[in-house]
Amino acid sequence: MKRELLGPLVLLASSLALPALARAQATSTLTFATNADPTFNPWSPNAEVESDLINELIFEGLTRYGSNLQPVPALATRWSVSKNGLVWTFHLRKGVTWQNGRPFTSKDVVFTFNDIALNKKLGANFASDYAPVSQVKAVGPYEVQFLLKTPFSALPSYLAYFEGILPASSFAGVKNPWTLSSFDKQHPIGTGPYQLDKFVPGSYVELRRNDHYWGGKPQVRTILFKIIPNANTQVAEMLSGGLDLISLQNTALLGPLKSDPNLQIIRSQENLYYWVALNQNDPRFRNVLVRRALLLAINRPAIIKSLLGGYGQVATGPIAPLQKAIYDPKVAQYPYDPTLAKKLLAEAGWLPGPNGRLEKGGKPFTITMPTGQFGQLVPMSELVQNYWKAIGIDVQLKVTDWNTYIKQVVVDRRYQATLAWWSTPPTPDIGPYYASSAAVTGSNIPNYRSAKLDALLAAGQDARTPAQEKAAYAKVQEFVASQLPYLYLWYPDILVVKSKRIGGMSDVNLPEAFQHSVNWTVR
Amino acid sequence: MLGYLSRRLLQGILVMFLVSAATFFLINLAPGGPSSLMNLNSTAQQRAALEQQLGLNRPIFLRYLNWLGAALQGRLGNSLSQGEPVAPLLAQRLRHTALLAGTALLLVFIFGVALGIWSARKRGRPIDHLVGLVSTLGMSLPEFWLGTLLIMLFSVRLHFLPASGMLTVGAPWSLSDLLVHLLMPALVLSFVLLPNVVRFARSALLEVMEADYVRTARSKGLRERAVLLRHALRNAWIPIIAMLGLILPQLLSGSVVVESVFAWPGMGRLAVQAAMNRDYPVIMATTVLAAAIVILTNILIDLLYSLVDPRVVHA
């Protein structure tokens, strides 16, 4: 190309490009990212992480999270529990309208729970959270009762966790709500502060403010979600001013974002912890000495430093520190100590053989550890493999795609050890992941069964006052830290990169911030 | 000619049938399942309910026959992860991919042939080596790396081009907006395909430049430009056209990566998402459609031979 042609070409391209970039910075608009096409129905099995935050803006639950992550009023203004703990009564907010102008009443709540969440034929998202609920009953147009099989003190907290109420009238006569694309792809109707204006599959979602929102008119007029699957591209968009907020999974991408004066990095937390599950169907792992030894052998601070860039802290149990009122750090600790690990294994009968590898009755200690290609699971598993190898255990890592991994580990439970994570509502109720009833078919991945833990969990669900709840879950935390149904690894920080244009957004965590979007401003 | 065309089309239909059967059985027999079922948080009860709803508990042969019967009537089913009919989903994305791939192909064709000719004419000189070096670079650089590099340069550093998407979100449609969004992905896609065409064009031209009829043309006193354009290039077209047919599958697979890097809402991205979500109807539709595009393009290229070279006769 002749050099003299470059000048005019540059001018032409910049004249084409600059107006486009300038438009992206329009005031009273915030632009976020999501990684795939969303489904505008929080209960749909197709609505996953790509849909969660968008649905938080369109739909609302009976409760939402306050700044301390305790449930506070949303569509319900107050609630109470019966003396026997088996009936929860929720008083609904009056004067709330759906985004199509119809009034919100108890019929919608009854429909959302009885016909969607509790309908076993549908397999709705979060259905397993509501196992203690037998049905929901309307007492009047603005009062509902949750009738329970067993006490369920965590109910108000679950109701705030991405579990928006749906309009009954939109689903009238619909057999399968998951195929109603006229609702969950084109015209979702919620009571939230934003409503869908436009959805261009593969490109973007445009939400405009709900001028009739019961909580007042939102200050930000438009919220856009660009659909960008690639994390590097999201970072580039953030740096070029095309996005106002991203959540960062990989800390290696943080470098250039840190030095941008227009951005701020928020270290937030969710109730998220990584673990290693040791399959309790394997008799070797039923010995608590073996479980303790395997945790002692992992240098968790070193992994946090190297793989998470220091953004995280060692986990002590399933209740993360963000549950300030409940979290109890004074439980059994397992600092990195390979010598003690070998000693405990020796007590359990695992002694070094002629080649230095541990064996018992002539059988070497080998562990098959499947891992899936998702986030940093593979390098994390490799590090655990190395630490266990250092104390004489042969770990065979089997890497598969994520889908195959779920089938093998979660569905079939064909594994000996595996590393993954739980991200749960900020409630101390850990029953769905620990109760004996959740072993094999539920989310109790290690298939851990303990009558004592079941009783402690039931006592927690029966707590009536915060003091009772704290005391009950202190015992749960003490028990799980001592018995290690899972080996607790770390609580990672959730890194949120936010443009300084955004005002009024809470830094607690994104689910909480998105439930209070009415307070957002554009600076 | 008509007989030849019918034979090729029948062969194409058979290939598409085999592709559809192989794809269907491979994806359905692979461990795992649609992402709505294979969710870390799903319980056995939730999975059983969804399996029933999606009909995945029926025998696999029956499901294939159902799919085939419906596909022959133009019904491609509903996406398992989107809940929407596959055909309109695909039609929309195909248009976007056609725009990106078509632009890239045009750039590849124009610049590939031009650079090939230039390189052939300057054989052994520094410019020939430079073109060879750039070609090698193009063949070695992965699309995702080059794409990210360009985004960092033109979007992040220079604020010159948008980093992703097909149009500015929230802005009215305009051709200039589309072009600035198209520029980087099309360049990346064409850059990685360019070397094939450059090298083919160069070697094809070098071969014909040694031919007797070129020597005759030169000895008649024709100017070099006329020798090149009227005599040499015309005979070099066949391998170049054949090459364009061969790079089509590369173009389609390249667009998968480029669309993901630049968040271009095309068929490639849809296919990747479908593969990750095990969205069987979408995987089937994108695979069969890609096979149809490759088969039809190859038939078209075979027909083009006879237009370019009258000696080629299809009987």
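This one's a predicted model, so the numbers in the text were calculated from it and none came from an experiment.

About the thresholds
- Just so you know, the residues in each chain are numbered from 1, in the order the chain's sequence is written.
- Here chains are named by letter from A upward and ligands by number from 1 upward, in the order in which they appear as written.
- Per-residue local features are limited, in this predicted model, to residues with pLDDT of at least 70; the limit for side-chain atom pairs, both in listing and counting, is 80 or more; totals at the level of whole chains, interfaces and linings are taken over all residues.
- The side-chain values count all of the structure's non-hydrogen atoms but skip hydrogen atoms and water molecules.
- Counting from the N terminus, the helices are DSSP H or I runs at least four residues long and the strands are E runs at least two residues long.
- Whether two residues touch is decided by their heavy atoms; if any such pair falls within 4.5 Å, the residues are in contact.
- Here the accessible surface of atoms and residues is derived via Shrake-Rupley with a 1.4 Å probe, and residues count as covered only by protein chains that are part of the display.
- Only four residue types enter the charge count: Lys and Arg as positive, Asp and Glu as negative, with His and the chain ends excluded.
- Every charge is mapped to an atom, namely NZ of Lys, CZ of Arg, CG of Asp or CD of Glu.
- For the exposure calls, accessible area comes from a 1.4 Å probe over protein chains only, and a residue counts as buried if that area is under 20% of its type's maximum, exposed if over 50%, partly exposed in between.
- When two components associate, each loses some accessible surface as probed by a 1.4 Å sphere; the sum of these losses over both components is called the buried area.
- Any Lys or Arg side-chain nitrogen located within 4 Å of an Asp or Glu carboxyl oxygen qualifies as a salt bridge.
- Whenever a nitrogen or oxygen atom comes within 3.5 Å of another N or O atom, the pair is scored as a polar contact, on the condition that within protein one atom can donate a hydrogen and the other can accept it, and that pairs from neighbouring residues in sequence are kept only if both atoms are in side chains.
- Two strands pair under a simple rule: DSSP has to find at least two bridges between them.
- Convention adopted: a line fitted to C-alpha atoms gives each axis, helices being fitted over their contacting stretch, and angles between N-to-C directions are expressed from 0 to 180 degrees.
- The quantity known as pLDDT measures the predictor's confidence residue by residue, on a range of 0 to 100.
- Crossings are assigned a handedness: left-handed for a near helix turned anticlockwise from the far helix by less than a right angle, right-handed for a clockwise turn.
- Polarity classes work like this: nonpolar for Ala, Val, Leu, Ile, Met, Phe, Trp, Tyr, Cys and Pro, charged for Asp, Glu, Lys and Arg, and polar for all others, with Gly in that last group.
- Patches draw on residues past 30% relative accessible area with no salt bridge. Two like charges within 9 Å are joined, as are two nonpolar side chains (Val, Leu, Ile, Met, Phe, Trp, Tyr) within 5 Å.

Bringing the overall build of chain B into the picture now. Regarding its fold elements, chain B presents eleven helices and zero strands. When its helices and strands are written in sequence order, chain B yields α-α-α-α-α-α-α-α-α-α-α. Once the C-alpha set of chain B is aligned to its principal axes, its extents read approximately 85 × 55 × 35 Å. In chain B, the proportion of contacts linking residues at least 24 apart, taken out of those at least 6 apart, comes to 73%. Summing over all exposed atoms, chain B offers an accessible surface of approximately 15200 Å²; the carbon and sulfur share of this is 69%. Seen as two clouds, the 25 positive and the 13 negative side-chain charges of chain B have centres 4 Å apart.

Okay, the overall build of chain A next. When helices and strands are tallied, chain A shows 16 helices and 25 strands. Seen along its three principal axes, the alpha-carbon backbone of chain A occupies a region of about 80 × 75 × 40 Å. Relative to its 523 residues, chain A shows a buried fraction of 60%. For chain A, contacts bridging at least 24 residues in sequence account for 68% of all contacts bridging at least 6. For chain A, the accessible surface area stands at approximately 20400 Å², while carbon and sulfur atoms represent 54% of it. Computing the positive centroid from 51 side-chain charges and the negative centroid from 37, chain A places the two 2 Å apart.

Chain B puts 52 residues into the contact, and the matching count from chain A is 63 residues. In total, about 4700 Å² of surface goes out of reach between chain B and chain A, with carbon and sulfur atoms giving 58% of it. Three residues, Leu 40, Phe 160 and Val 169 of chain B, lead the burial of chain B against chain A; their summed loss comes to 15% of the area buried on that side. At the junction of chain B and chain A, the tally comes to two salt bridges. Between Asp 37 of chain A and Arg 93 of chain B there is a salt bridge whose closest N-O contact spans 3.2 Å. Connecting chain B to chain A are 15 residue pairs in polar contact (both at pLDDT 80 or more).

All names here are of chain A. As summarised here, the arrangement of the four strands in space is 4-5-7-6, forming an open sheet in which the pairing is antiparallel. The open sheet has two edge strands, strand 4 (76-81) and strand 6 (133-140), and neither has a second partner. Sheet twist, expressed as the average angle between the axes of neighbouring strands with direction ignored, equals 20 degrees. Bridge count for strand 4 against strand 5 (residues 87-92) is five bridges, and the pairing is antiparallel.

Attention now moves to the pairing of strand 1 (residues 29-34) of chain A. On a regular strand, one side chain projects to one face of the sheet and the next to the other, so that they alternate. Residues and elements named next belong to chain A. Most of strand 1 is tucked away: five of the six residues are buried. Here strand 1 runs beside strand 10 (residues 222-227); their pairing, made up of six bridges, is parallel. Counted as the bridge partner of Ala 33 is Lys 226 from strand 10.

Here the focus is the confidence of the model for chain A. Taken residue by residue, chain A gives an average pLDDT of 92. The fraction at 70 or more is 95%. Residue range residues 1-26 of chain A is modelled with pLDDT below 50. Its contacts to residues more than four positions away, or to other chains, number 27 contacts.

Here the focus is the environment of Asn 230 of chain A. Within the fold, Asn 230 of chain A resides in the loop between strand 10 and helix 6 (231-239). Taking the C-alpha atoms as reference points, Asn 230 of chain A and Asn 35 of chain A, separated by 195 residues in sequence, lie 7.3 Å from one another. In this structure Asn 230 of chain A touches Ser 260 and Val 261 of chain B, once residues within four positions along its chain are discounted. A distance of 2.8 Å separates a polar atom in the side chain of Asn 230 of chain A from the backbone nitrogen of Asn 232 of chain A.

Once that is clear, we can look at the packing of helix 9 (residues 300-307) of chain A against helix 11 (residues 377-390) of chain A. Residues and elements named next belong to chain A. Packing of helix 9 against helix 11 leaves a shortest axis separation of 11 Å and a crossing angle of 145 degrees. Regarding helix 9 and helix 11, the two cross each other, and that crossing is right-handed. Taken together, the residues of helix 11 that come into contact with helix 9 (itself represented by Ala 302, Ile 303, Ser 306 and Leu 307) are Pro 379, Met 380, Leu 383 and Tyr 387. Its residues assigned to classes, the contact of helix 9 with helix 11 shows seven nonpolar, one polar and no charged.

What follows covers a nonpolar patch on the surface. All names here are of chain B. A contiguous nonpolar patch, built from Leu 14, Phe 17 and Leu 18 and spanning about 300 Å² of accessible area, is present on the exposed surface. In this structure, Phe 17 sits in helix 1 (residues 2-29). For Phe 17, a relative accessible area of 39% translates into the label partly exposed.

It is worth spelling out the pattern of salt bridges at this point. Pairing between side chains becomes possible if they bear opposite charge and their charged atoms approach one another. Tallied over the full model, the rule gives 17 salt bridges over all chains. The partner of Arg 209 of chain A in a salt bridge is Asp 211 of chain A, with the nearest N and O atoms 3.2 Å apart. Its relative accessible area of 16% is what places Arg 209 of chain A among the buried residues. Between Glu 224 of chain B and Arg 218 of chain B there is a salt bridge, with the nearest N and O atoms lying 2.8 Å from each other. We classify Glu 224 of chain B as partly exposed; its relative accessible area is 28%.

A separate point is the sheet that holds strand 17 (residues 363-364) of chain A. Residues and elements named next belong to chain A. The sheet built from three strands is open, its strands ordered 15-16-17 with antiparallel pairing. Lying at the two open borders of the sheet, with one neighbouring strand each, are strand 15 (351-352) and strand 17. For strand 15 and strand 16 (residues 358-360), the ladder comprises two bridges, and the chain directions are antiparallel. What sits directly across from Leu 351, in strand 16, is Glu 359.

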